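Coordinate inspection notes
Spelled out, the chains give:
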Amino acid sequence: MDAQSQTTSLQRLQNVEKRIVRALELAGGVMEEMANPSGPRKELVNNYCSEFMQLVKDVQMTLREEIKSACEYRPFEKCDYVPRISNEICCKKLEYVIAQLDEMKQTIEEYGDAA
């Protein structure tokens, strides 16, 4: 992920944050309308609810796209940790096998000398 795409991704996430704040403001506005002593104004509540639902859809869509693009980014793609550790384990196994073979060779030589 290059610097340009990181910047635009951060900008999109900042816009999501602003939409979430706006959605909360709308929810608060509906709550205030519902608590209005003279009763809620139906048209205002409908407008708030419609805008709220549209904001939720926009936020979901943007977050889904950001998650997909983040999954495509593999920061450890060029990491050699797993192959390096695997090689080290193989080397340790070879050292163990060589040590066992040396012991077997020594036992054979001792047996040959005793006979």
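Residues numbered from 1 in each chain as written. Predicted model: local features only at pLDDT ≥ 70, side-chain atom pairs only at ≥ 80, totals over all residues. Heavy atoms only, no water.

Looking at an unreviewed UniProt entry, one finds the protein chain named Mediator of RNA polymerase II transcription subunit 11, with Rehmannia glutinosa as its source organism. Its UniProt record gives the protein chain the following Sequence similarities (unreviewed entry) comment, quoted word for word: "Belongs to the Mediator complex subunit 11 family." (UniProt positions renumbered as here; feature names shortened; annotations may be inferred.)

Remarks on the overall build of the protein chain
The helix and strand inventory of the protein chain stands at three helices and zero strands. Counting over 115 residues, the protein chain shows a buried share of 10%. Residue pairs at least 24 apart in sequence account for 68% of intrachain contacts in the protein chain once pairs closer than 6 positions are excluded. Carbon together with sulfur atoms contributes 59% to the accessible area of the protein chain, which is approximately 9800 Å² in total. (Helix = DSSP H or I, 4+ residues; strand = E, 2+ residues; numbered from the N terminus. Buried < 20%, exposed > 50% of the residue type's maximum accessible area, 1.4 Å probe, protein only. Contact = heavy atoms within 4.5 Å. Areas by Shrake-Rupley, 256 points an atom, 1.4 Å probe, with all protein chains shown as cover.)

A look at the environment of R12
Relative to the helices and strands, R12 resides in helix α1 (residues 3-34). For the pair R12 and T62, spaced 50 residues apart in the sequence, the C-alpha separation amounts to 7.5 Å. Not counting residues within four places of it along the chain, the set of residues in contact with R12 comprises T62 and E66.

As for a nonpolar patch on the surface
A grouping of L10, L13, L63 and I67 is seen on the molecular surface, where their side chains present a nonpolar patch of about 350 Å² in accessible area. Breaking the nonpolar patch down by element, the ones donating at least two residues are α1 and α2 (42-72). For L63, the position within the fold is in helix α2. (Patch = residues over 30% accessible without salt bridge, like charges linked within 9 Å, V, L, I, M, F, W, Y side chains within 5 Å. Salt bridge = Lys/Arg side-chain N within 4 Å of Asp/Glu carboxyl O.)

Some words on the side chain of T62
Relative to the helices and strands, T62 resides in helix α2. Using a relative accessible area of 9% as the deciding quantity, one classes T62 as buried. Among the polar contacts made by the side chain of T62, one reaches the side chain of R19 at a distance of 3.3 Å. Sequence-distant contacts of T62, defined by excluding residues within four places in its chain, comprise R12, V16 and R19. (Polar contact = N/O pair within 3.5 Å; in protein donor to acceptor, adjacent residues only side chain to side chain.)

With respect to the confidence of the model for the protein chain
With 88% of its residues at a pLDDT of 70 or more, the protein chain has an overall mean of 87. Confidence, read as mean pLDDT per element, is least for α1 in the protein chain (88) and greatest for α2 (90). (pLDDT = per-residue confidence, 0-100.)

A look at the environment of L63
Accessibility expressed as a relative area gives 32% for L63, which makes it partly exposed. Through-space distance from the C-alpha of L63 to that of R12 is 8.9 Å; in sequence the pair is 51 residues apart. If we ignore the near neighbours within four places in the chain, the residues touching L63 are L13 and V16.

Topic: the side chain of E66
With respect to the helices, strands and loops of the structure, E66 is situated in helix α2. On the basis of relative accessible area, E66 is assigned to the buried category, the value being 8%. Of the polar contacts made by the side chain of E66, one reaches the side chain of S9; its length is 2.5 Å. The residues contacting E66, other than those within four sequence positions of it, are S9, R12 and L13.

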